[in-house]
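# Report on the structure
Spelled out from the first residue to the last, the chains are:
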Amino acid sequence: MAITVITGLVFLIVGILAGYIWRKSVGEKAIGSAEQKAQNLILDAQTQVENMKKEKVLEAKEEIHRQRQDLENELRARRNEMSKSERRIQQKEEHMERKMDNLEKREQNLSKRERSMDDKHKEIDAYLEKQIKELEKISGYTKEEAKQILLDEVEKDVRKDASALITRIESEAKDEAAKKAKEIITMAIQRYAADQVTETTVSVVSLPNDDMKGRIIGREGRNIRAIETLTGVELIIDDTPEAVILSGFDPVRREIARIALEKLIVDGRIHPARIEEMVQKATKEVNNIIKEEGEKACFETGVHNLHPELIKLLGRLKYRTSYGQNVLQHSIEVATLAGLMAEELGFDARLARRAGLLHDIGKSIDHEVEGTHVDIGVNICKKYKESWKVINAVEAHHGDVEATTLEAVLVGAADALSAARPGARRETLETYIKRLENLENIANTTKGVDKSYAIQAGREIRVAVKPNQVSDDEIPMLARDIAKRIEAELEYPGQIKVNVVRETKATEYAK
């Protein structure tokens, strides 16, 4: 068994050795063959590289030759172009030289002409001087005098043309502005109608009988003195049947006296202690009325956030009149009209209503404080922190200062509209006649005016001019001058129409 295993191992080893020897011999043969092939491949590659190198060298030589040809062609073309450019430049230089020669000749000719013109100008100046002297001798005017006459004539013609132009422009502007203004004002008036027109400035208390006058006077006049002392109002007891007249500058005091007196008449017990009690009650009642009227005015016009003292001052305007027109109603009307026009024009309607309501606030205390109602109103508005726009409307509504906001302009227009409408205000006969006289006097003292007539209660003045002093073309300027003088020298409600008339008549008799 062991022998068998050993024998197998021997044969196995012998087989392995034999296989190794055979594989080695085969590998050496294969390696020799591969080396031969490799050498062959290297030779072939070297041959191909040499061939490719020769081909590339040839191609490079051909490319260099071709580029050289292209450069030579381009150089020839550039040389030809440069030759052409040189010829053109040479031609231009020759042309410029010819032009320079021509210019020199022209300059010489112009110099000759200039010298000739200078000589002629001197001759002409001498001739003109001679002619001017002869004209001065013939006309009797110096040069400056004749020049002034000519300028006067030119100025006259220019003024004539300017007057015609102003007339045309004003006519067109007035037509357009009047049309638009009428639409706005008509709309505002249609949307607002005032119930109250005028009021009397005198308070009258009715009595049940004339015996009551004696009781009001009292023993030795103690009752009437008590009433006048407590109210500051004068009682006028005259022959007027069943009536007592209260006269006082302060409308609020006059109202307190009226209410107190009416209460005393109803009560029947008239003596100093009772009078004092009734005056106190009347004062409280009037203060309540003032507050309620101020609040009512604010509510009616839609003006809110007013200072309480301003509301009280507004209420006091209920007892204040101007030319017979109630100032509170006038302020409400101005606020409403200004607001309506502002809405129509696209402005600040709230500001316009506020400024319109406060524009106459100074009249509430103008009998207590010195100054115009405009100045007083401005101070009141500043005191209670109103905006500068409201203040400007208050101080500009009578033209004392220039209106800086469009709402202020509307307030001024609404104020004039409210005051100028028929029946809104009244004035005494003496004041009315004096105003008409002043109006006619302004027109009569204007140069060129013959006569003037104030008509339509002073709302129009017709002016007849001297036809030999004023021409038709000068009429518009004359009307403007008269209107400006009226605005500067006269106070009047509303507006005044100036109508200038010129008429020339010629009379001849046939014999």
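Refer to the structure printed above.
All values derive from a computational prediction rather than experimental measurement.

### Some points on the overall build of the chain
- Helices and strands together make up the secondary structure of the chain, namely 14 helices and eight strands.
- Here the chain holds 511 residues, and the buried ones make up 29% of them.
- Counting only contacts in the chain whose residues sit at least 6 apart along the sequence, the fraction spanning at least 24 positions is 61%.
- A total of about 35,300 Å² of accessible surface is found on the chain, and carbon and sulfur atoms cover 54% of it.

### Some remarks on the pattern of salt bridges
- Evaluation of the coordinates by the stated rule reveals 18 salt bridges.
- Between E285 and K263 there is a salt bridge whose closest N-O contact spans 3.4 Å. With a gap of 22 residues between them, E285 in helix 6 (residues 272-301) and K263 in helix 5 (residues 251-267) connect regions that are remote in the sequence.
- You can call E285 partly exposed: its relative accessible area is 31%.
- Judged by its relative accessible area of 29%, K263 is partly exposed.
- One salt bridge in this structure joins R462 and E460, with 3.3 Å as the shortest N-O distance.
- Each of the salt bridges in this network shares a partner with another, and the network as a whole consists of D267, R269, R274, E277 and K281.

### A few points about the sheet that holds strand 2 (residues 234-236)
- Overall, antiparallel pairing links the three strands, which are arranged 1-3-2 in an open sheet. Each end of this open sheet is capped by a strand with a single partner; those strands are strand 1 (203-206) and strand 2. Neighbouring strand axes in the sheet, compared pairwise and without regard to direction, differ in orientation by 30 degrees on average.
- Where strand 2 and strand 3 (residues 243-247) come together, three bridges link them in antiparallel fashion. Its bridge partner lying in strand 3, E234 is registered against S247.
- Seen against the sheet, helix 5 touches strand 1, strand 2 and strand 3 and runs at an angle of roughly 5 degrees to strand 1.

### Quick look at helix 10 (residues 373-383)
- Along helix 10, the positions that sit buried rather than exposed are H373, V374, I376, G377, V378, I380 and C381.
- Of the surrounding secondary structure, the elements contacted by the buried residues of helix 10 are helix 7 (308-316) and helix 11 (388-396).
- Positive phi shows up at K385, right after helix 10, with a value of about 60 degrees.

### A closer look at the packing of helix 6 against helix 7
- Remark: helix 6 packs on helix 7, axes separated minimally by 7 Å, with the N-to-C direction vectors making an angle of 100 degrees. Taken together, helix 6 and helix 7 sit at an angle that is classed as roughly perpendicular. When helix 6 is examined against helix 7, the residues I290, K291, E293, G294, E295 and C298 are found in contact with a partner set consisting of I311, K312, L314, G315 and R316.

### A few points about helix 14 (residues 475-489)
- Its 15 residues place the ends of helix 14 21 Å apart at the C-alpha level, agreeing with the 21 Å of an ideal helix rising 1.5 Å per residue.
- Residues of helix 14 that are buried: I475, L478, A479, I482 and I486. Seen from one end, helix 14 has its buried residues packed into an arc of 100 degrees, which puts them on one side. Facing away from the buried surface of helix 14 by more than 90 degrees, the exposed residues are E487 and A488.

### Concerning the sheet that holds strand 7 (residues 460-465)
- Read across the sheet, three strands follow the order 6-7-8 without closing on themselves; strand pairing throughout is mixed. Every interior strand has two partners, whereas the edge strands, strand 6 (449-455) and strand 8 (497-501), have only one. Pairs of neighbouring strands in the sheet enclose a mean axial angle of 20 degrees, with direction left out of account.
- In terms of strand pairing, strand 6 meets strand 7 through six bridges, oriented antiparallel. Bridged to I455 within strand 7 is E460.
- Packing of helix 14 onto the sheet brings it into contact with strand 6, strand 7 and strand 8, and relative to strand 8 it is tilted by some 145 degrees.

### With respect to a nonpolar patch on the surface
- On the surface, a cluster of nonpolar side chains totalling about 260 Å² of accessible area is made up of I6, V10 and V14.
- You can see I6 is positioned in helix 1 (residues 2-139).

### Let's talk about the pairing of strand 3
- Examined bridge by bridge, strand 1 and strand 3 share four bridges and lie antiparallel to one another. Directly across from V205, in strand 3, lies its bridge partner V244.
- Hairpin connection between strand 2 and strand 3: a loop of six residues separates the two successive antiparallel strands, and E242 in this loop has a positive phi of roughly 50 degrees.

### A look at the environment of E386
- As for its position among the elements, E386 is in the loop between helix 10 and helix 11.
- Put simply, E386 and H307 are 79 residues apart on the chain and 9.1 Å apart in space, counted from C-alpha to C-alpha.
- Not counting residues within four places of it along the chain, the set of residues in contact with E386 comprises L306, L310, R354, L358, C381 and I391.

### Thoughts on the nonpolar core
- Residues I216, I227, L235, L246, L261, I275 and V286 are the most contacted members of the largest nonpolar core, which totals 27 residues.
- Elements that contribute at least two residues to this core include exactly helix 3 (211-217), helix 4 (222-231), strand 3, helix 5 and helix 6.
- When residues of this core are assigned to their parent elements, the largest contribution, eight residues, is made by helix 5.
- Those residues in contact with I227 that lie beyond four places of it in its chain are I216, G232, L235, L261, L264 and I275.
- The next biggest cluster of nonpolar side chains, apart from the first, holds 26 residues, and it includes C298, A335, V390 and V394.

### Section: a negative patch on the surface
- A cluster of like negative charges, contributed by E93, E94, E97, D101, E104 and E107, occupies part of the molecular surface.
- With respect to the element layout, D101 can be found in helix 1.
- According to the relative accessible area criterion, D101 is partly exposed, its value standing at 40%.

### Let's talk about the side chain of S364
- Position of S364 among the secondary structure elements: in the loop between helix 9 (349-358) and helix 10.
- A relative accessible area of 3% places S364 in the buried class.
- For S364, the contacting residues outside a window of four places in its chain are L313, R316 and L317.

### Remarks on unusual backbone geometry
- The backbone phi angle of E220 is positive, close to 55 degrees, even though this residue is not glycine.
- Among the secondary structure elements, E220 is positioned in the loop between helix 3 and helix 4.
- Given the relative accessible area of 72%, E220 is considered exposed.

Reading the values: the criteria
Residues numbered from 1 in each chain as written. Predicted model: local features only at pLDDT ≥ 70, side-chain atom pairs only at ≥ 80, totals over all residues. Heavy atoms only, no water. Helix = DSSP H or I, 4+ residues; strand = E, 2+ residues; numbered from the N terminus. Buried < 20%, exposed > 50% of the residue type's maximum accessible area, 1.4 Å probe, protein only. Contact = heavy atoms within 4.5 Å. Areas by Shrake-Rupley, 256 points an atom, 1.4 Å probe, with all protein chains shown as cover. Salt bridge = Lys/Arg side-chain N within 4 Å of Asp/Glu carboxyl O. Pairing = 2+ DSSP bridges. Axes fitted to C-alpha atoms, helices over the stretch in contact; angles between N-to-C directions. Parallel < 35°, antiparallel > 145°, perpendicular 65-115°, else oblique. Expected span 1.5 Å × (residues − 1). Arc of directions from axis to C-beta. Patch = residues over 30% accessible without salt bridge, like charges linked within 9 Å, V, L, I, M, F, W, Y side chains within 5 Å. Core = buried A, V, L, I, M, F, W, Y, C linked by side-chain atoms within 4.5 Å. Lys, Arg positive; Asp, Glu negative; His and termini not counted. Charge placed at Lys NZ, Arg CZ, Asp CG, Glu CD.

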